Amino acid sequence: QVQVVESGGGLVQAGNSLRLSCAASGRTFSTYVMGWFRQAPGKEREFVAAITPSGVTTRYADSVKGRFTISRDNAKNTMYLQMNSLKAEDTAVYYCASSTILTQRTTAFGSWGQGTQVTVSS
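We now turn to the structure provided with this report. (Residues numbered from 1 in each chain as written. Predicted model: local features only at pLDDT ≥ 70, side-chain atom pairs only at ≥ 80, totals over all residues. Heavy atoms only, no water.)

A word on the state of the cysteines
Put simply, the rule is: Note on terminology: disulfide denotes any pair of cysteine sulfur atoms within 2.5 Å. For the purposes of this entry, the term helix denotes a DSSP run of H or I that reaches at least four residues, the term strand denotes a run of E that reaches at least two, and both are numbered from the N terminus. The buried label goes to any residue with under 20% of its type's maximum accessible area, the exposed label to any with over 50%, and the partly exposed label to all in between, with areas taken from a 1.4 Å probe on protein chains only.
Counted under the stated rule, the structure contains one disulfide. Disulfide partner of Cys22: Cys96, at an S-S distance of 2.0 Å. On the sign convention where negative is left-handed, the bridge of Cys22 and Cys96, at about 70° about the S-S bond, is right-handed. Placement of the pair is Cys22 in strand E3 (residues 18–25) and Cys96 in strand E9 (residues 92–99), with a sequence separation of 74 residues. Each member of the pair, Cys22 as well as Cys96, is classed as buried.

Here it is as structure tokens:
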């Protein structure tokens with residue numbers, strides 16, 4: 001699995017946008033499914049979105065579908081999460097991780113980053 005570092009979080013008002021980045025180290029980034037997860041205070045870590053190695057296929061949690069867009073640039077070893085129309089319930093620490101399969105199951109992912117805080121004010 002790959003080593004990853006998340007960035008791009010911050011404090012925004014509801015309705016605004018943020019773009020998160022996940023920078024990966026190593027030579028195998030392009031062979032892995034990559035995913036975004038989030039964890040709000042008092043809650044378990046939950047699936048947000050995932051993308052296949054080629055970037056052709058994506059999967060989203062129902063709570064973010066239509067608002068968030070996952071993408072990747074294998075030449076830059078970077079994955080992105082464009083978050084639009086942010087809501088207060090999107091407030092969480094956002095993590096990226098890798099998997100060998102396309103799934104929303106948290107336990108299938110590894111090489112977790114340190115996370116980046118997203119706070120949406122209302």
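Quick notes on the pattern of salt bridges
This is how it is decided: Basic side-chain nitrogens of Lys or Arg form a salt bridge, by our definition, when they fall within 4 Å of a carboxyl oxygen of Asp or Glu.
Summed over the entire model, instances satisfying the criterion amount to three salt bridges. Between Glu46 and Arg38 there is a salt bridge; the shortest N-O distance is 2.8 Å. A relative accessible area of 37% places Glu46 in the partly exposed class. Of the residues examined, Arg38 reaches a relative accessible area of 5% and is grouped as buried.

So, the packing of aromatic side chains
For clarity, the threshold we go by: Think of it this way: a Phe, Tyr or Trp ring, Trp meaning its six-membered ring, pairs with another when their centres are within 6.5 Å, and the plane angle makes it stacked under 30 degrees, edge-to-face over 60, tilted otherwise.
Taken as a whole and judged by the stated rule, the model has three aromatic pairs. Between Phe37 and Phe109 the ring centres are 4.8 Å apart and the planes differ by 70°, which places this aromatic pair in the edge-to-face class. Here Phe109 lies in the loop between E9 and strand E10 (116–121) and Phe37 lies in strand E4 (residues 33–39), a separation of 72 residues in the sequence. One exposure class covers both Phe37 and Phe109, and it is buried. For the ring pair Phe37 and Trp112, a centre distance of 4.9 Å and an interplane angle of 65° mean the geometry is edge-to-face. Highlighted residues: Phe37 in strand E4 and Trp112 in the loop between E9 and E10, separated in sequence by 75 residues.

Structural notes on the side chain of Arg67
Put simply, the rule reads: N or O atoms closer than or at 3.5 Å make up a polar contact, with two conditions inside protein: a donor-capable atom paired with an acceptor-capable one, and, for residues adjacent in sequence, both atoms drawn from side chains.
Mapped onto the fold, Arg67 is located in the loop between strand E6 (58–60) and strand E7 (68–73). Among the residues examined, Arg67 registers a relative accessible area of 12% and is labelled buried. Here Ser63 takes part through its backbone oxygen, which lies 2.9 Å from a polar atom of the side chain of Arg67. Engagement of the side chain of Arg67 in a polar contact is seen with the backbone oxygen of Ser85, the distance being 3.0 Å.

Observations regarding the sheet that holds strand E1 (residues 3–7)
Under the convention used in this document: Any two strands with at least two DSSP bridges between them are considered paired. Fitting a line to C-alpha atoms yields each axis, with helices limited to the stretch in contact; the angle taken between N-to-C directions then spans 0 to 180 degrees.
Pairing within the open sheet is antiparallel, and its four strands lie in the order E1-E3-E8-E7. The strands lining the two open edges of the sheet, one partner per strand, are E1 and E7. Averaged over all pairs of adjacent strands, the angle between strand axes in this sheet comes to 15°, irrespective of strand direction. Pairing geometry for E1 and E3, over five bridges, is antiparallel. Note on E3: the bridge partner recorded for Val4 is Ala24.

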